[in-house]
Each structure stands twice: as C-alpha cells, then as structure tokens.
Amino acid sequence: MELMSCIRNLPRHCKTAFQNIWRNGVMSVSSIFAVTITLLLIGVIGVIAVNVQDMTMDIEKSLTIYVKMERSLKDEDAKKVQADIESISGVKEVVFSSKSEELDKLIASQKEDGKKLFETYRKNNPLGAAYNVEVKDAARLAEVAKKIEDINGVNMTNYGGASTSNLVNTLKSIRNGGSVFVGALTIIALFMIMNTIKITITSRQTEIGIMRMVGASNWYIRIPFMLEGIFIGILGAIIPLIVLYYGYQFVFEQSVGFFNSSLIALRAPFPFIYQYGGILVALGSGVGLIGSYFSVRRFLKF
C-alpha cells in the first residue's frame, strides 16, 4: 500500500529529485563528473574489446582445411567422399572443387608466362579434385584434418600445421584476456560510481533524519533519492554517448581506407552505436539507482 502510494506520487518525486540535484549543486556535479569519466573509460575500452573480439573470430572462421584428393580419382568418385567428410564431428561446411576448377585457380595465380604454360594441361589435367573444409571450432583443425586423412581417396590435408594451432590459441588468449580485463575494469568503475553517489547521499544525513522525524515513510524518503541516482547516471552518460556517436563514426570512416582485409575491420557503426549507447545509459542509471538505494537504506534502519 505504501509503495503504491509512492508510485502514484511519482511525478512529484521526480520533481523533488531534480530539485535535490540542483540544490546540492557541488556534490551533484561531482557525482555526474565521476559517472562521465567512468562511462567514458568503460565505453572506450569496451568498444576496443568488442572489435578485437570480432576480428579474432573472423580470423578463426577464415581458417579452413584444404583436402587434396588422389589424382587418379575422377570428379564423380571424388564427390563420393564428401559424405564421409561431412559425417566427421566438428565439420561445419564442405565445398567441393573439381579438377578443372583446381587448374583454373592454379592458372589464375600465375604470371603471363605461367598461365600459357599451364593452359597446355587442359586436355590432360594432372591435378586432383579438392575440398575446402570449414570447422565449427578452429581449435579442432588438427583433429579434424587427421580424421579426413584416414578417408580412402584423400591424398593429403593442409591447414597450416603447428603455426595455425598457435595462432588459434593466441587469438583465444587475446579474446579471453580482453573479456577478463574489461569485466574487472567495469566492476571497479561501477564501484567508483556507487561510492561517489553514497558520499553525496551521506552528506544529506540530516535531511533524511528530519524527514523521518516529521513522519515520512521509508519509501517516501527512499524514492526521490533513488530517482536522483538514476538521473545522475543518465546525465553522466550524455558526454560518453556524444563521444561514442561521433567518435566511433569518425574512427570507422578512417579505418575503411586503412584496413585492406575484410578480416581486419571495425564493426559497422549502426546499430552498434545505439546498442552500446543503451548499455552505457543502463549502466549509469542502474548503478546510480543501486548506489542510492543502499546509501539511503543505512539511515532508514531503526
């Protein structure tokens, strides 16, 4: 019943919250500034981490197993092996390449003299058919390649060997390390926001005591402070949102000409900016709400 009454008076509580922010100008500005700096830090580090994660995953997806079939096998016979490859656990996609297609690739990779030379092999193609095999988990490249080699008709497999395995492990370490770093930084930053808001609320201990003495209920006292924490979080997120919106677009546009590979490219600005911006606002307002709730709660205990 008490809570429902406070909800009905929500417009009045919002007005009180804004008045408190204005009335306690110095402390409010310090809280907003702390939120701004913290969210800027989280925003920059988070954007970098997200893009590094995308790049490492794209690189992993590009790693495939090249399966070379026996030269003596005709295309029709080589195609029969596809079902055996697809049945191996961990295989995601199998793409067949005929003898003529393999010769086309070889000719295309040569200079003019080489092209003329290999064109003479059209009638008597010495190459075998091949497969490009994509796996679900790049860490299993060696395992899947070994199983494919045991299939009848397979001449050899190539996935890059130990160097590729080391690359996969390095990419996973970068991704996991980045996630841990961002997570730890976010937790520290959020505690900084909460402590700043707690200091702001604690400085108004006398105000809370007076409200209790005149008979105000706990929720009637608590809600304006909680709304104040939310508004401080939202106000503190304004500058990080502006930096994210214009800064990320600028960096993305500059990176388009800088990165030539599709594997090393930043995530498209939209809808990423809106999604990440929403996360920053939710973090700021959420931590402001929680910090205010627990700070006021200390002074409402009998």
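Owing to the predicted nature of the structure, the values given are computational and were not obtained by experimental measurement.

K.L.:
For this particular structure, what's the right way to read the nonpolar core?
P.N.:
Note that soluble globular proteins tend to have their nonpolar side chains buried in a common cluster. Ranked by size, the top nonpolar core spans 35 residues in total, and within it Ile-42, Ile-208, Leu-244, Tyr-248 and Tyr-276 carry the most contacts. Put simply, the parts of the chain that give this core at least two residues each are α2 (10-23), α3 (25-62), α9 (161-202), α11 (218-258) and α12 (269-298). Setting aside residues up to four positions removed in sequence, Ile-208 forms contacts with Ile-201, Ile-221, Phe-225, Phe-299 and Leu-300. Core analysis: the second largest hydrophobic core is formed by 23 residues, Ile-88, Val-135, Val-144 and Val-154 among them.

K.L.:
What exactly am I supposed to notice about the pattern of salt bridges here?
P.N.:
Opposite charge on two side chains permits them to pair, given that their charged atoms come into close proximity. What the rule picks out here adds up to 10 salt bridges. For Asp-54, the salt bridge identified is with Arg-267, shortest N-O distance 2.7 Å. Placement of the pair is Asp-54 in helix α3 and Arg-267 in the loop between α11 and α12, with a sequence separation of 213 residues. Judged by relative accessible area, Asp-54 falls into the buried class, the value being 17%. In this structure, Arg-122 engages Glu-119 in a salt bridge whose closest nitrogen and oxygen atoms are separated by 3.1 Å. Accessibility expressed as a relative area gives 38% for Arg-122, which makes it partly exposed. Since its relative accessible area comes to 36%, Glu-119 is described here as partly exposed. One continuous salt-bridge network, built from bridges that share partners, spans Asp-104, Glu-119 and Arg-122.

K.L.:
How should the sheet that holds strand β1 (residues 64-69) be read in this particular structure?
P.N.:
Note: strands within a sheet are paired through backbone hydrogen bonds, in either parallel or antiparallel orientation. Reading across from one edge, β2-β3-β1-β4 is the order of the four strands in this open sheet, with antiparallel pairing throughout. Lying at the two open borders of the sheet, with one neighbouring strand each, are β2 (91-97) and β4 (154-158). On average, each strand axis in the sheet is tilted by 20° relative to the strand beside it, whichever way the strands run. As defined by bridge partners, β1 adjoins strand β3 (residues 130-135) across five bridges and the pair is classed as antiparallel. Opposite Lys-68, over in β3, you have Ala-130 as the bridge partner.

K.L.:
Is there a simple way to explain the packing of aromatic side chains in this structure?
P.N.:
All chains considered together, the criterion is met by eight aromatic pairs. A ring pair is formed by Phe-18 and Phe-231, whose centres lie 4.3 Å apart and whose planes are at 10°; its orientation type is stacked. One end of the pair, Phe-18, is in helix α2; the other, Phe-231, is in helix α11, with 213 residues separating them in the sequence.

Quick notes on the rules
- Residues numbered from 1 in each chain as written.
- Predicted model: local features only at pLDDT ≥ 70, side-chain atom pairs only at ≥ 80, totals over all residues.
- Heavy atoms only, no water.
- Core = buried A, V, L, I, M, F, W, Y, C linked by side-chain atoms within 4.5 Å.
- Buried < 20%, exposed > 50% of the residue type's maximum accessible area, 1.4 Å probe, protein only.
- Helix = DSSP H or I, 4+ residues; strand = E, 2+ residues; numbered from the N terminus.
- Contact = heavy atoms within 4.5 Å.
- Salt bridge = Lys/Arg side-chain N within 4 Å of Asp/Glu carboxyl O.
- Pairing = 2+ DSSP bridges.
- Axes fitted to C-alpha atoms, helices over the stretch in contact; angles between N-to-C directions.
- Phe/Tyr/Trp six-rings, centres within 6.5 Å; stacked < 30°, edge-to-face > 60°.

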